[in-house]
Amino acid sequence: MFELVPTKPFDGQKPGTSGLRKKVTVFQQPHYAENFIQSIFDSLEGFAGKTLVIGGDGRYYNSHIVQIAIRMAAANGFGRVIVGQGGLLSTPAASHLIRKNAAFGGIILSASHNPGGPDGDFGIKYNASNGGPAPEKITDAIFAKTKTISTYKTLDTQDIDINKIGEIELANIIVEVVDPVSDYAALMQTLFDFDAIGDLFKSGFKMKFDGMGAITGPYANRIFEDILGAKNVVMNGVPLPDFGGHHPDPNLVHAKELCDLILSSSGPDFGAASDGDGDRNLIIGRNMYVTPSDSLAIIAANAQLAPAYAAGIAGVARSMPTSCAADLVAKKLGVPSFETPTGWKFFGNLLDAGMATVCGEESFGTGSNHVREKDGVWAVLMWLNILAKRRESVEKIVKSHWLEYGRNFYTRHDYEEVDLARANDLMNNLRKSLSGFVGKNGIKTADDFSYRDPVDRSFTEGQGIRLVYENGSRIIYRLSGTGTAGATLRVYIEKYEADVAKHNIETQAALADLIGQANSIAAIQANTGRAAPTVIT
Ligand code: G1P
Ligand code: ZN
């Protein structure tokens, strides 16, 4: 029944910020996915007889690759596979299942917020036994294996029925099909004050949640409507292989329908959305969009209102490009703040070591030590918990936060699908000129961000060009590690404003000066051929 299939290496199977991400058409090449999955298994040791969690965000090709992964797990000697019904699991729910079942690890099928469908993107990611994305040590090993692979192991068997909850025996393993939502929903109930949130909804509080045709629809339906009793909350709540044509990235551009609804003076009180695989979140209140950086800071400042965090948080971690707003909260709380490279994998050690409790990224990612991934629905529940306890509007909560801490104006300008060579040139030119920037226009320091992990001492470099001004303003340039076509240049711009009289200026206007400098310093227009960013968040 077991088969050893001969194969040849493919170029470019290098895991990026978050696993291997390519066009569906690339994954459709014979043996392409199998090679990568075998390379994952070949990079691991000691999993014989152990449990592997498998699931994905339901995008096109998910159901096909789930079957391949199950067969290969069996042939490679795992003892049990836990798979979400229909092959579905949100990324945070997969992280939780790994932890809850003390699994050896998990394979998550997702390209996160990237579009799906036959012409869209697909992705495969390995998560370790702590439930978090594999650290670089493992992703480097996987990449090395993909370059020398000559065979993969699989099982000669038909697809198995993973639409029914229960256990199936397959060769030497048990395949356990689980409800994708139940365990996750139960975890959420241990973290937050569901009674208080239920009372908030009973009092007439109105919310809309946009599932964007992706994985979180079933989670939102169960948690917000069935358990918490809110009515008519979920829009685009059925996971579809092409996400119903949505680009499932919860931001002001791609969640426009939701934002238009909430950002009006007669709209619902609260709006939220999540991405393709359920780890990102968008938070908006009536007339008030909350930047992810502010959301992290506000969550850190108010976490103790939720039962699981009532004793206080141990520390806050943010990715380097995320605004410094959370640092100010950590300082006031008297807890450490950490600045890590981009990507959730860098938070794992801090969370495992109990050094940080709450983590976040400017890219609509927020989470805590309850799992080892960012978690969209968690962030929404955290906000609901805060709203239920404070009984103030989102706008009031945000503005009083700025009043107390000052406001970190923040924007990110993305230039998508830029010519790769030109983007690399732009970054290399900046890198070469670093010392020349210092002292000009108030720039205090200029560097290429590197990070020494305080737990395992591993070192990561080349994580983004960072210009820091005397007054704390920052301009950061980095290239995306998740795109599948050309290069995406990300420019992050931040300015601190203590003066409350200036807190209500529109963000792009407040940052106009710095935006101009960011454009001219990197000669973005000349180097990319683009007059304006593709997406501004
Ligand atoms: C992007 C975000 C990053 C996030 C990652 C996965 O990566 O910027 O914060 O962790 O997606 O969701 P990038 O494309 O910038 O490498
Ligand atoms: Zn995601």
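Here the structure is shown first, and the text comes after it.
Every value quoted in this text rests on a predicted model; they were computed, and no experiment measured them. Position numbers for residues start from 1 in each chain and track the written sequence from start to end. Throughout, the order in which chains and ligands are written sets their labels, letters from A for the former and numbers from 1 for the latter. Selection of residues for local features in this predicted model requires a pLDDT of at least 70, selection of side-chain atom pairs for listing and counting requires 80 or more, and totals for whole chains, interfaces and linings are taken over all residues. As a convention, hydrogens and water are excluded, and side-chain values are obtained from all of the structure's heavy atoms.

Looking at the overall build of the protein chain
Along the protein chain, the regular secondary structure elements total 18 helices and 26 strands. As a reference, a globule follows 2.2 Å times the number of residues to the power 0.38, and the radius of gyration itself is taken over C-alpha atoms. The C-alpha radius of gyration of the protein chain comes to 23 Å, within 12% of the 24 Å expected for a compact globule of 537 residues. Considered along the principal axes of its C-alpha atoms, the protein chain spans approximately 70 × 60 × 40 Å. We call a residue buried when its accessible area falls under 20% of the maximum for its residue type, exposed when it is over 50%, and partly exposed in between, using a 1.4 Å probe and counting protein chains only. With 537 residues in all, the protein chain has 58% of them scored as buried. Nonlocal contacts in the protein chain, meaning residues at least 24 apart in sequence, comprise 72% of its contacts between residues at least 6 apart. All accessible areas in this document rest on Shrake-Rupley with a 1.4 Å probe, and a residue is counted as covered only by the protein chains that are shown. For the protein chain, the accessible area works out to roughly 19,800 Å², and carbon and sulfur atoms hold 49% of it. Secondary structure elements follow DSSP: runs of H or I of four or more residues count as helices, runs of E of two or more count as strands, with numbering from the N terminus. We call two residues in contact when some of their heavy atoms are within 4.5 Å.

Focus on the site of ligand 1
For this purpose, a residue is taken to be near a molecule or strand whenever a single non-hydrogen atom of the residue falls within 4 Å of it. Taken together, 15 residues lie near ligand 1, and Thr 17, Ser 363, Ser 480, Gly 481 and Thr 482 sit nearest. Polar contacts, as used here, are pairs of N or O atoms within 3.5 Å; protein pairs need one atom able to donate a hydrogen and one able to accept it. Residues neighboring in sequence count only if both atoms are side-chain atoms. Arg 490 places a side-chain nitrogen or oxygen 2.6 Å from an oxygen atom of ligand 1. Burial of ligand 1 by the protein chains amounts to 98% of its free accessible area of 380 Å². Of the residues belonging to the shell around ligand 1, the class tally is no nonpolar, eight polar and seven charged. Here the nonpolar group is Ala, Val, Leu, Ile, Met, Phe, Trp, Tyr, Cys and Pro; Asp, Glu, Lys and Arg are the charged ones; every other residue, Gly included, is treated as polar.

Topic: helix α8 (residues 216–227)
Regarding α8, the residues found buried are Thr 216, Gly 217, Tyr 219, Ala 220, Ile 223 and Phe 224. Seen along its axis, α8 keeps its buried residues to an arc of 160 degrees; they face one direction. At the C-terminal side of α8, Gly 229 shows a positive phi close to 80 degrees. What the arc describes is the spread of directions from the helix axis to the C-beta atoms.

Looking at the coordination of the zinc ion (ligand 2)
Protein ligation of the zinc ion (ligand 2) involves Ser 112 (OG), Asp 275 (OD), Asp 277 (OD) and Asp 279 (OD), the donor distances falling in the range 2.0 to 2.1 Å. In the primary sequence, the donor residues of the zinc ion (ligand 2) line up as S-x162-D-x1-D-x1-D. Listed donors are limited to N, O and S atoms within 2.8 Å of the metal, widened to 3.2 Å for Na, K and Ca; water is not among them, so incomplete-looking sites are possible.

A few points about unusual backbone geometry
For Phe 243, which is not glycine, the phi torsion reads 55 degrees and is therefore positive. With respect to the secondary-structure elements, Phe 243 resides in the loop between β11 (234–235) and α9 (256–262). Among the residues examined, Phe 243 registers a relative accessible area of 0% and is labelled buried. Unusually for a residue other than glycine, Glu 417 sits at a positive phi of about 50 degrees. Summarising the element assignment, Glu 417 is placed in strand β19 (residues 407–418). Classification of Glu 417 as exposed rests on a relative accessible area of 55%.

Remarks on the nonpolar core
For this analysis, a nonpolar core means a set of buried residues of the types Ala, Val, Leu, Ile, Met, Phe, Trp, Tyr and Cys, connected via side-chain atoms within 4.5 Å. If you look at the biggest cluster of nonpolar residues, it comprises 73 residues, and the most contacted ones within it are Phe 192, Phe 224, Phe 270, Leu 381, Trp 383 and Leu 384. At eleven residues, the largest contribution of residues to this core is made by helix α13 (residues 376–390). For Phe 224, the contacting residues outside a window of four places in its chain are Met 207, Phe 209, Gly 229, Ala 230, Val 233, Val 377, Val 380, Leu 381 and Leu 384. In this structure, Phe 47, Ile 68, Phe 122 and Ile 162 belong to the second largest nonpolar core, which totals 45 residues.

Digging into the pairing of strand β23 (residues 465–469)
Burial within β23 is extensive, with four of its five residues counted as buried. Here the rule is simple: two strands pair whenever DSSP picks up at least two bridges between them. Sheet topology places strand β20 (residues 443–448) next to β23; five bridges connect them, and they run antiparallel. Of the residues in β23, the one forming a bridge with Ile 443 is Tyr 469. Pairing between β23 and strand β24 (residues 474–479): four bridges, direction antiparallel. Looking at β24, one finds that Arg 466 is bridged to Ile 476. If you look at the hairpin formed by β23 and β24, you'll find four residues sitting between the two strands, and Gly 472 has a positive phi there, around 90 degrees.

Side note on the packing of aromatic side chains
Each pair of aromatic rings taken from Phe, Tyr and Trp, with Trp reduced to its six-membered ring, is defined by centres within 6.5 Å and is described as stacked if the planes are under 30 degrees apart, edge-to-face if over 60, and tilted in the remaining cases. If you walk through the whole model with that rule in mind, you get 18 aromatic pairs. Ring centres 5.5 Å apart and planes at 50 degrees place the aromatic pair Phe 209 and Phe 224 in the tilted group. Note that Phe 209 is positioned in strand β10 (residues 207–210) and Phe 224 in helix α8, a separation of 15 residues in sequence. Comparing Phe 209 with Phe 224 shows no difference in burial state: the two are buried. With 6.3 Å between their ring centres and 90 degrees between their planes, Phe 346 and Tyr 451 make a pair best called edge-to-face. Placement of the pair is Phe 346 in the loop between β16 (337–340) and α12 (348–352) and Tyr 451 in strand β21 (residues 451–452), with a sequence separation of 105 residues. In terms of burial, Phe 346 and Tyr 451 fall into one category: buried. Grouping aromatic residues by their ring pairs yields a cluster made of Phe 10, Phe 27, Tyr 32, Tyr 60, Tyr 61 and Phe 122.

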